[in-house]
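Results of the structural survey
Chain by chain, the residues run as shown.
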Amino acid sequence: MITQGGERMMKLWLRHIGTLLPVALLCLGLSSCIYDDGDIADEPDIPADSYMVSFQLLLKSGSTQNHDASSRADDKWGDQDDPDRLEGDGTDNYIDFKTMRIGVYDAAGNLAAKVEDVLPVRIPGTADAISQSERYECIGEMKFVNEQIQKGFPNGNDYKVLVFLNTPGTVSVPATLDAANALTFERIGTNADVENAGGIPMWGFVTTAFTGIKAGERYSLKDIYMLRAMAKVRIEIAEDSKKNNWTITSVRVYNPNSKGYSLPAWNPLSDKATTDLSLANNLHVLDSEPDLDNPEFEKLLPKDALIMYLPEKSNAKDADKCTMDVTVSNGSSQKSGTIHFAKYDDGQPTNSLLNIIRNHYYTFTIECKDNVNALRFKVTIADMQKGGEYVFEYE
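A look at the pattern of salt bridges
- Counted according to the given criterion, the structure contains 15 salt bridges.
- Residue Glu239 pairs with Lys242 through a salt bridge whose shortest N-O separation is 3.1 Å. Of this pair, Glu239 and Lys242 both sit in helix α7 (residues 239-243), 3 residues apart, roughly one helical turn.
- Taking the shortest distance from any N to any O, the salt bridge between Glu367 and Lys369 comes out at 3.2 Å.
- Linked through salt bridges whose partners overlap, the residues forming this network are Asp346, Glu367, Lys369 and Arg376.

The following block contains the structure:
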C-alpha cells in the first residue's frame with residue numbers, strides 16, 4: 001500500500017527521472033528500482049513545507065586488485081550474481097529496501113527526524129579506480145519527531161544520519177544512538193541460509209550540520225558507504241589440486257558466533273562517516289553459540305569450494321577459538337585437516353590468531369599432495385571496506 005507521502009514522493013521521482021519504468025516500480029512495491037539509460041528530466045517542484053534530502057548509497061563490491069587470483073569471477077563480494085535481481089548482486093549485496101530505515105540524530109544522540117518515503121534508484125555500471133561499487137541514488141522526506149525540533153532545525157550542531165538495511169529490530173527507527181548500537185541479529189551459514197534470514201545486516205552513516213538546508217528545496221548529503229555486519233569465508237581447493245580431482249567432502253565449523261551486533265564499535269563524537277572507521281579496531285562481538293553445535297555443510301558437498309558467512313568473533317581466547325575441520329578426497333584416498341583463523345607459515349598455522357571481522361573476506365586455499373598426508377593451507381584476507389584495496393596473504 002502506498003501512503004499519501006509515498007504517493008507524493010513517487011510523483012516527484014517519476015518527474016525527476018522520466019524514464020524510470022514506473023510500472024516496474026509499482027509492481028515492486030517501491031522496494032527498489034533501476035535506471036533506464038534515457039535522459040534525466042528537470043528538477044521537480046518540491047512542496048514548500050518539505051525538507052527533502054538526497055544521497056548516494058554505496059556498497060564496495062569489487063574484486064581485489066593485488067590478489068594473484070583476482071581475475072576469478074568469484075574473487076569478490078557478490079559471486080552469486082543474479083543479473084535479474086534488482087536488490088543487488090547476490091547475497092553479499094542483497095538489499096531488501098522494505099527494511100530501509102534512516103534516522104537523523106542530534107549531538108546528544110537523540111532521534112531528531114526520520115527520512116521516510118525513500119525511493120532508491122540503482123545506478124548500474126558505476127566503478128572507481130579500486131573496485132566496482134553497488135550504487136543507489138536515494139531521495140526522501142525528513143519527518144521530525146515533533147514540531148519543536150522542526151522549528152529549531154538546524155541548530156548549528158552536527159547531526160548523524162544513519163542508514164539501516166536488512167537489520168532486525170528497526171521496524172521503528174531507534175530512538176537513540178545507544179539503542180542503535182545495541183541492535184543485534186542472528187544469522188550464520190551459506191548464502192541461502194543468510195538470504196532466507198533476511199540478508200546480511202548493513203549500516204552506514206555520515207555527519208552533517210545541514211548548513212543551508214531550506215524547506216521546499218532538496219539538500220544533498222555526502223555519499224553514505226554501507227558496512228556488512230558479517231564476514232565472508234571461502235574454503236577452496238588449489239588449482240593444481242583440482243587438476244588431480246581433489247574435492248571438499250566435509251566441513252564442520254567449531255565455536256562460531258551465531259549472533260552479532262548490526263553496528264561496529266564506533267565513537268559518535270569523533271567518527272564523521274563510515275569511511276573513517278578502522279574495522280580491525282572497531283570489533284563489536286556478541287558472544288553466542290549456534291542452535292546447532294558445530295554447524296556442518298556435508299549436504300552441500302562434494303565440491304571444489306564452499307562459501308559461508310559468519311558474525312564477528314574474537315579469537316584471542318585460545319580455548320574457544322573458531323576453527324574448521326575439512327575433509328578432502330580424490331575418489332581413491334581421503335585427507336583431513338583443521339583450518340585456523342591465523343597467520344600461516346609454510347602451509348601451517350602460527351600462533352598469531354586472527355579475529356573474524358565484519359565486512360572482510362577470508363579465503364582459505366587447500367593444497368593436496370598425492371604423496372603427502374598433511375594438507376597445506378594459505379589464507380588471503382581482503383578488507384572490503386575499501387573494496388579489496390587492502391589484501392593480506394599468509395601461506
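What about unusual backbone geometry?
- Cis rather than trans, the peptide bond between Phe153 and Pro154 has omega equal to -10°.
- The topology assignment puts Pro154 in the loop between α4 (147-151) and β5 (159-165).
- Residue Pro302 follows Leu301 across a cis peptide bond; omega there is 10°.
- Phi angles above zero are rare outside glycine, and Asp117 is one such case at about 55°.

Comments concerning the nonpolar core
- One finds Leu162, Val251 and Met308 to be the most contacted residues of the largest nonpolar core, which totals 46 residues.
- When neighbours within four sequence positions are excluded, Leu162 is seen to be in contact with Arg101, Ile102, Gly103, Tyr105, Leu177, Ala180, Trp203, Gly204, Phe205, Leu263 and Trp266.

A look at the pairing of strand β2 (residues 101-105)
- The buried fraction of β2 amounts to 4 of the 5 residues, a majority that puts the element mostly inside the structure.
- Relative to β5, β2 runs antiparallel, the two sharing 5 bridges. Directly across from Tyr105, in β5, lies its bridge partner Lys160.
- Between β2 and strand β3 (residues 111-122), which pair antiparallel in sequence order, lie 5 residues; one of them, Gly109, sits at a positive phi of approximately 85°.

With respect to the side chain of Glu137
- Here Glu137 shows up in strand β4 (residues 133-144).
- Arg218 provides the closest opposite charge to the buried, salt-bridge-free Glu137, at an N-O distance of 4.2 Å.

Regarding the confidence of the model for the protein
- On average, residues of the protein score 79 in pLDDT, and 76% of them are at 70 or above.
- Scored below 50 in pLDDT, residues 62-89 shows 91 contacts in the model against residues more than four places distant or in partner chains.
- This model gives residues 127-131 a pLDDT under 50, and the stretch forms 11 contacts once residues within four places in sequence are excluded.

Quick look at the packing of aromatic side chains
- Under the defined criterion, the tally for this structure stands at 14 aromatic pairs.
- Taking the centre distance of 4.7 Å and the plane angle of 45° together, the rings of Phe205 and Trp266 count as tilted. Taken together, the residues span a long stretch of sequence, with Phe205 in strand β7 (residues 202-208) and Trp266 in the loop between β13 (259-261) and β14 (305-310) at a distance of 61 residues. Each member of the pair, Phe205 as well as Trp266, is classed as buried.
- Taken together, the ring pairs in this structure connect Tyr51, Phe144, Phe153, Tyr159, Phe210 and Tyr219 into an aromatic cluster.
- Here the basic side chain of Lys232 rests over the ring of Tyr361, its NZ or CZ set 4.8 Å away from the ring centre.

Re the environment of Ala209
- Structurally, the position occupied by Ala209 is in the loop between β7 and β8 (218-220).
- Through-space distance from the C-alpha of Ala209 to that of Phe153 is 9.8 Å; in sequence the pair is 56 residues apart.
- Setting aside anything within four residues of it in sequence, one finds Ala209 in contact with Pro154, Asn157, Asp158 and Tyr159.

Some points on the sheet that holds strand β16 (residues 334-340)
- Pairing in this open sheet of 3 strands is antiparallel, and the strands run β12-β15-β16 from one edge to the other. Across the chains shown, the open sheet's two edge strands, defined by having one partner strand only, are β12 (247-254) and β16. Averaged over all neighbouring strand pairs, the angle between strand axes comes to 20°, with direction disregarded.
- The sheet contact formed by strand β15 (residues 323-329) and β16 spans 7 bridges and is antiparallel. Along β16, the bridge assignment pairs Asp325 with Thr338.

Comments concerning the side chain of Lys160
- Relative to the helices and strands, Lys160 resides in strand β5.
- Buried Lys160, no salt bridge; nearest opposite-charge side chain is Asp158, N-O distance 6.0 Å.
- A polar atom in the side chain of Lys160 sits 2.7 Å from the side chain of Thr207.
- Filtering out sequence-adjacent residues up to four positions away, Lys160 remains in contact with Gly103, Val104, Tyr105, Phe205, Val206, Thr207, Pro268, Asp271 and Lys272.

Quick notes on the rules
- Per chain, residues are indexed from 1 in the order of the written sequence.
- Only residues with pLDDT of at least 70 are given local features in this predicted model, and only at 80 or more are side-chain atom pairs given and counted; all residues enter the totals for whole chains, interfaces and linings.
- Side-chain numbers here rest on the full set of heavy atoms in the structure, without hydrogens or water.
- Think of a salt bridge as a Lys or Arg side-chain nitrogen and an Asp or Glu carboxyl oxygen that are within 4 Å of each other.
- By the criteria applied, helices consist of DSSP H or I runs no shorter than four residues and strands consist of E runs no shorter than two, each listed in order from the N terminus.
- Side-chain atoms within 4.5 Å link the members of a nonpolar core, which is a set of buried Ala, Val, Leu, Ile, Met, Phe, Trp, Tyr and Cys residues.
- Relative accessibility decides the category of a residue: with a 1.4 Å probe and only protein chains considered, values under 20% of the type maximum give buried, values over 50% give exposed, and everything between is partly exposed.
- Should any heavy atoms of two residues lie within 4.5 Å, those residues are considered in contact.
- Two strands qualify as a pair provided that DSSP identifies no fewer than 2 bridges between them.
- Only four residue types enter the tally: Lys and Arg on the positive side, Asp and Glu on the negative side, with His and both chain ends excluded.
- A residue's pLDDT is the predictor's confidence in that residue, given on a scale from 0 to 100.
- Aromatic pairs are defined between Phe, Tyr and Trp rings, using the six-membered ring for Trp, whenever the two ring centres lie within 6.5 Å; interplanar angles under 30 degrees are classed as stacked, those over 60 as edge-to-face, and all others as tilted.
- Placement of a positive charge over a ring is assigned whenever Lys NZ or Arg CZ falls within 6 Å of the ring centre and within 35 degrees of the normal to the ring plane.
- Lines fitted to the C-alpha atoms define the axes, with helices restricted to the stretch that makes contact. Angles between their N-to-C directions range from 0 to 180 degrees.
- A 3.5 Å cut-off defines polar contacts: any pair of N or O atoms within that distance qualifies, except that in protein one atom must be a possible hydrogen donor and the other a possible acceptor, and neighbouring residues in sequence count only when both atoms are side-chain atoms.

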